[in-house]
Amino acid sequence: MAVRRTPTITDVARLAGVAVGTVSNVLNGTVPVGGERRERVLAAVAQLGYRPNMLAQSLRRRRSPVVGICVPRTSVAYFAALVEAFEEIASDGGYHVMHVLTHDAPELERQRVASLLRYHVGGVVLVPGAEPAPTLDMLAQSDTPVVVVDRTARGYGFDEVTFDNRAAMRDATERLIALGHRRLLFVVRRRKLVVTQQRIQGMREAVRRSGAEVSAEILECAAEGELGTRLALALTAAARPTAVIVSNSTFAAGAMRAIRALRLRCPDDVSLLAFDEPQWAELVSPSLSVVRQPTHDIARMAWELLMRRMRGGAEERQQVELKAQVVLRDSVARPPLQARNARRRKA
């Protein structure tokens, strides 16, 4: 019985009627190939069932075709969308992704990244936690290309892709104040996180600029199980907040549950806005107001920077800061007193 020979890149090139280098460029994305030639190569790959030899590729490139992605968790919609975006971009470029989770635990973060380095990944995309120094030190001592995403890592010389958290929070706070809200509550997981500090700065800037008497409080809740109880205390206080801003989609769901458990109405009794846009944001009632992060643009830019590093084509450190968008939906409205006064004026 004859054994079928495994197709080679030469077979693909012969069937497609192109050079071997053209096939390599199509599969690896090293040089753009478009139009009919690209289609012929992809058709030949599919017809022959050709699979690139990943080990051989990594030896030729001197970099593994596997990229490590390290994020705190995927229960948060933003991080899940970020990982999916990287998966899609990597697949299009002929790369593979190995992702690990840190749960914002410094030692676990160091261990997870160390495991990626032991696998000799070609590069690492890192969303660092609140105390990332040991992890960043380890990466700096390795020769592995690194791009830091979402959060900054000053002093390490890594490329960074973030969005302007301070401006996004400033915009969100200004819009809430313009609606008449004077008691704001920002619910965060870890106050020490750089992005949390940036958002707090943005909130305080908006309050100062408004010239109004505005109370802007911070509620830190590292354990998700405590969110309902902690938020219930805040929402039943004598001077309860009229608007709650939460730092991620998980907290948004917890805040909605807490509001309903207290038999409060959103937005009639309290408005709600989230940093993050989960898939269910427009499916719930009221629809959730969000700060929409440029997830795919962040992933695309980070990937481009990482590829340059992996191919030895970048020298100076690159810092890219994108813009987020505040989207107000039904979960945000005028606070109760202002809403009642507006109805009286109309009457």
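Presented here is a report on the structure given in the accompanying data block. Worth saying up front: this structure is predicted, and the values here are computed from it rather than measured.

### Quick word on the sheet that holds strand β8 (residues 243-246)
Here comes step 1: Strand order in this open sheet of 6 strands is β7-β6-β8-β9-β10-β12, and the pairing throughout is mixed. Here the strands that pair on one side only, and so sit at the sheet edges, are β7 (215-220) and β12 (325-327). Sheet twist, expressed as the mean angle between neighbouring strand axes with direction ignored, is 20°.
Here comes step 2: Lying over the sheet, helix α9 (residues 194-210) contacts β6 (183-188), β7, β8 and β9 (271-275), oriented at roughly 175° with respect to β6.
Here comes step 3: Contacting β6, β7 and β8, helix α10 (residues 227-235) runs over the sheet at an angle of about 170° to β6.

### Here we look at the packing of helix α6 (residues 106-118) against helix α7 (residues 133-141)
In helix packing, the relevant descriptors are the interaxial angle and the interaxial distance, both defined with respect to the helix axes.
Here comes step 1: Contact geometry of α6 with α7 gives a least axis separation of 8 Å together with a crossing angle of 20°. When the axis of α6 is compared with that of α7, the two are roughly parallel. Where α6 crosses over α7, the two elements pack in a sense that is right-handed. Taken together, the residues of α7 that come into contact with α6 (itself represented by Pro106, Glu109, Arg110, Val113, Ala114 and Leu117) are Pro134, Thr135, Met138 and Leu139.
Here comes step 2: Looking at the contact of α6 with α7 residue by residue, the class counts come to 7 nonpolar, 1 polar and 2 charged.

### Here's the deal with the packing of aromatic side chains
Here comes step 1: For the coordinates displayed, the defined rule picks out 6 aromatic pairs.
Here comes step 2: Consider the rings of Phe86 and Trp303, whose centres lie 6.5 Å apart with planes at 45°: the pair is tilted. Here Trp303 lies in helix α12 (residues 295-310) and Phe86 lies in helix α5 (residues 77-92), a separation of 217 residues in the sequence. In this structure, Phe86 and Trp303 share a single accessibility class: buried.
Here comes step 3: Considering the side-chain rings of Tyr95 and Trp303, the 5.8 Å spacing of their centres and the 80° angle between planes classify their relative orientation as edge-to-face. Of the two residues, Tyr95 is situated in the loop between α5 and β2 (96-101) and Trp303 in helix α12; the sequence distance between them amounts to 208 residues.
Here comes step 4: Seen from the ring of Phe275, Arg199 lies directly overhead, with NZ or CZ sitting 3.9 Å from the centre.

### Points about α5
Here comes step 1: Taking 1.5 Å per residue, 16 residues should reach 22 Å; α5 reaches 23 Å between its end C-alpha atoms and fits that length.
Here comes step 2: Once α5 ends, the next one or two residues include Gly94, with phi positive near 80°.

Scoring rules and cut-offs
- Residues numbered from 1 in each chain as written.
- Predicted model: local features only at pLDDT ≥ 70, side-chain atom pairs only at ≥ 80, totals over all residues.
- Heavy atoms only, no water.
- Pairing = 2+ DSSP bridges.
- Helix = DSSP H or I, 4+ residues; strand = E, 2+ residues; numbered from the N terminus.
- Axes fitted to C-alpha atoms, helices over the stretch in contact; angles between N-to-C directions.
- Contact = heavy atoms within 4.5 Å.
- Parallel < 35°, antiparallel > 145°, perpendicular 65-115°, else oblique.
- Left-handed = near helix turned anticlockwise from the far one by under 90°.
- Nonpolar A, V, L, I, M, F, W, Y, C, P; charged D, E, K, R; others polar.
- Phe/Tyr/Trp six-rings, centres within 6.5 Å; stacked < 30°, edge-to-face > 60°.
- Buried < 20%, exposed > 50% of the residue type's maximum accessible area, 1.4 Å probe, protein only.
- Lys NZ or Arg CZ within 6 Å of the ring centre and 35° of its normal.
- Expected span 1.5 Å × (residues − 1).

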